[in-house]
Amino acid sequence: MRPQQPHPHPLTPEGLPDGDEWWRGCPACHLPIQGGGAGLEAHRRTVHTHAGDPRIPITIHL
């Protein structure tokens, strides 16, 4: 079993560095991201990769 690695960004607002905001909007996809600047960077590494956005777009016809 591998040892536990530290979480890549704070899990609660209390773990943020001074001056950082808990909620941010991603400028690329406009999703609200929690975890401060580190959470936004983690979002960018996993969603906005060189392979493109892995999410599947959906269309809802009303």
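Everything in this summary refers to the structure shown in the same document. (Residues numbered from 1 in each chain as written. Predicted model: local features only at pLDDT ≥ 70, side-chain atom pairs only at ≥ 80, totals over all residues. Heavy atoms only, no water.)

Side note on the overall build of the chain
A count of helices and strands for the chain gives one helix and two strands. Walking the chain from its N terminus toward its C terminus, one meets helices and strands in the order β-β-α. Put simply, the chain has 62 residues, and 23% of those count as buried. Here the chain displays about 5,300 Å² of accessible surface, and carbon together with sulfur accounts for 58% of that area. (Helix = DSSP H or I, 4+ residues; strand = E, 2+ residues; numbered from the N terminus. Buried < 20%, exposed > 50% of the residue type's maximum accessible area, 1.4 Å probe, protein only. Areas by Shrake-Rupley, 256 points an atom, 1.4 Å probe, with all protein chains shown as cover.)

Some thoughts on the side chain of His43
Position of His43 among the secondary structure elements: in helix α1 (residues 36-47). Apart from residues no more than four positions distant in its own chain, His43 is found in contact with Cys26, Cys29, Leu31, Ile33 and His48. (Contact = heavy atoms within 4.5 Å.)

Describing unusual backbone geometry
One non-glycine residue, His30, adopts positive backbone phi at about 65°. Summarising the element assignment, His30 is placed in the loop between β1 (23-25) and β2 (32-34). A residue is classified by how much of its surface remains accessible, and His30, at 65% relative accessible area, is exposed.

Considering the pattern of salt bridges
Taken as a whole and judged by the stated rule, the model has two salt bridges. When the shortest N-O distance is used, the salt bridge between Arg44 and Glu41 registers 2.8 Å. Of the two residues, Arg44 and Glu41 both sit in helix α1, three residues apart, roughly one turn of that helix. (Salt bridge = Lys/Arg side-chain N within 4 Å of Asp/Glu carboxyl O.)

Thoughts on α1
An α-helix turns once every 3.6 residues. As a result, residues three or four positions apart point the same way. For α1, spanning twelve residues, the distance from its first C-alpha to its last is 16 Å, which sits close to the expected 16 Å at 1.5 Å a residue. Tucked into the core, α1 has its buried residues touching β1 and β2. (Expected span 1.5 Å × (residues − 1).)

Considerations on the state of the cysteines
Covalent bonding between the sulfur atoms of two cysteines defines a disulfide. Under the defined criterion, the tally for this structure stands at zero disulfides. A disulfide-free cysteine, Cys26 has its sulfur positioned 3.7 Å from the sulfur of Cys29, the nearest such atom. (Disulfide = S-S within 2.5 Å.)

So, to be careful, I would describe these as geometric facts and stop short of saying anything about function.
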